[in-house]
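Remarks on the overall topology
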Amino acid sequence: MKKFFILLTVTVGATFSAMAQKTVSYEGADEIVRLWDNKTAKHSNYETRDEIWRNKNKTAIRQSSSCELYIFKAAPEKNTGAAIAMFPGGGYSTLNLSISLARWYASQGITAAIVKYRLPNFGHYEATIEDAEGAVRYLRTRTDLGINPAKVGVGGSSAGGHLSSWVSNSMPDGEKPAFALLLYAWIDLTKSTSSAEGKGLFQLLGKDYTYNDALKLSTHTMVTPTTSPSLLLLCYDDPTVQSTSSTKYYEALVNNGVKASMHIFPYGGHSIKKHLEECQSAIIDWLKWLKIIE
């Protein structure tokens, strides 16, 4: 009888834990919009653990099981009608929220939405791309924020750059983002030259992935004439993602007649922080050239 009671207690506890799965939200945005979770979305990433903060200042999330947008509204007096869905980097195992960059976009009259997307959780990437595409479609509905549906783009760094380039190709013609800003993006998945890339491949494709699996999601192989116009910013000495990952994407864009620009700085590693002002100027110039902003 005692054994039965213990078993029953554990079972009930486990059931309660599954029902009470916790999620976290970044609280510093102007608005938080929840799109869906594993129970309400078409696809699931099968994450059953609670979402957690990775750092004390609550700007990095792990174990995501829901999709939320953290919206930073464009300054009203500068609102250009443009908006960007920002996909955090973190090797597809963490979401590193680029808060300062989102606020900078807003200060330039561009509504920025950091997307807490569902991480692929060892091969369940259908949920990840569902969230990315859903974020773009949602932003187009927010005309109340002064957003022009024809001026909604995407951007991200590292793994977030990969996701940005992916959604720039995966959405149907006529629905693709108006632009893509790719910061030291992970593009070619077939040549893993760092431990971070290797771990990212496990997260994205699962531990039993093949070369063909990696090739399928290497976004330079997806480019067509209708791919989103793209700006690539990166550093030559990046120890995490080789600069040739971005050059392959740039070459594919040019070969398909897609508007493209690329800036490779000689130093700075896996970041653009040492060239931030130059990169910000390049972004504004690029968006003006595309006539996304005036």
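With respect to the environment of Lys39
As for its placement among the helices and strands, Lys39 is situated in the loop between β1 (31-37) and β2 (52-53). Residue Lys39 is classed as exposed on the basis of its relative accessible area of 70%. Counting along the chain gives 27 residues from Lys39 to Ser66, while the straight-line C-alpha distance between them is 9.0 Å.

Points about the packing of aromatic side chains
If you walk through the whole model with that rule in mind, you get eight aromatic pairs. A cation over an aromatic ring shows up here: Lys207 above the ring of Phe122, its NZ or CZ 5.5 Å from the ring centre. A cation over a ring is seen here: Lys259 above Trp289, with NZ or CZ 5.3 Å from the ring centre.

Considering the nonpolar core
Among the nonpolar cores identified, the biggest contains 87 residues, and Leu69, Phe72, Phe87, Tyr105, Trp166 and Phe179 are the most heavily contacted of them. Once you skip the residues sitting within four places of it in the chain, Tyr105 turns out to touch Ile84, Met86, Ile110, Ala112, Leu181 and Ile283.

Things to note about the packing of helix α3 (residues 125-140) against helix α4 (residues 159-170)
Between two packed helices, both the angle of their axes relative to each other and the distance between the axes serve to describe the pair. Orientation of α3 relative to α4, taken along the N-to-C sense of each, is 75°, at an axis distance of 10 Å. Between α3 and α4, the interaxial angle falls into the category roughly perpendicular. Between α3 and α4, the residues in contact are Tyr125, Thr128, Ile129, Ala132 and Glu133 and Leu163, Trp166, Val167 and Ser170, respectively. Per-class residue counts for the contact of α3 with α4 are six nonpolar, two polar and one charged.

Looking at the sheet that holds β1
The strand order across the open sheet formed by eight strands is β1-β4-β7-β5-β8-β9-β10-β11, and the pairing between neighbours is mixed. Each edge of the sheet is formed by a strand with only one pairing partner; in this case those strands are β1 and β11 (260-265). Between one strand axis and the next, the sheet turns through 15° on average, direction left out of account. Pairing geometry for strand β5 (residues 83-87) and strand β7 (residues 111-116), over four bridges, is parallel. Directly across from Ala83, in β7, lies its bridge partner Thr111. Each of β5, β8 (152-157) and β9 (180-183) touches α4; the most contacted strand, β8, lies at about 150° to it.

Quick word on helix α7 (residues 244-255)
Between its first and last C-alpha, α7 extends 16 Å over twelve residues, near the 16 Å set by a 1.5 Å rise per residue. Contact partners of the buried residues in α7: α4, β9, β10 (230-235) and β11. Just downstream of α7, Gly257 is the residue with a positive phi angle, here 75°.

Basis of the calculations
Residues numbered from 1 in each chain as written. Predicted model: local features only at pLDDT ≥ 70, side-chain atom pairs only at ≥ 80, totals over all residues. Heavy atoms only, no water. Helix = DSSP H or I, 4+ residues; strand = E, 2+ residues; numbered from the N terminus. Buried < 20%, exposed > 50% of the residue type's maximum accessible area, 1.4 Å probe, protein only. Phe/Tyr/Trp six-rings, centres within 6.5 Å; stacked < 30°, edge-to-face > 60°. Lys NZ or Arg CZ within 6 Å of the ring centre and 35° of its normal. Core = buried A, V, L, I, M, F, W, Y, C linked by side-chain atoms within 4.5 Å. Contact = heavy atoms within 4.5 Å. Axes fitted to C-alpha atoms, helices over the stretch in contact; angles between N-to-C directions. Parallel < 35°, antiparallel > 145°, perpendicular 65-115°, else oblique. Nonpolar A, V, L, I, M, F, W, Y, C, P; charged D, E, K, R; others polar. Pairing = 2+ DSSP bridges. Expected span 1.5 Å × (residues − 1).

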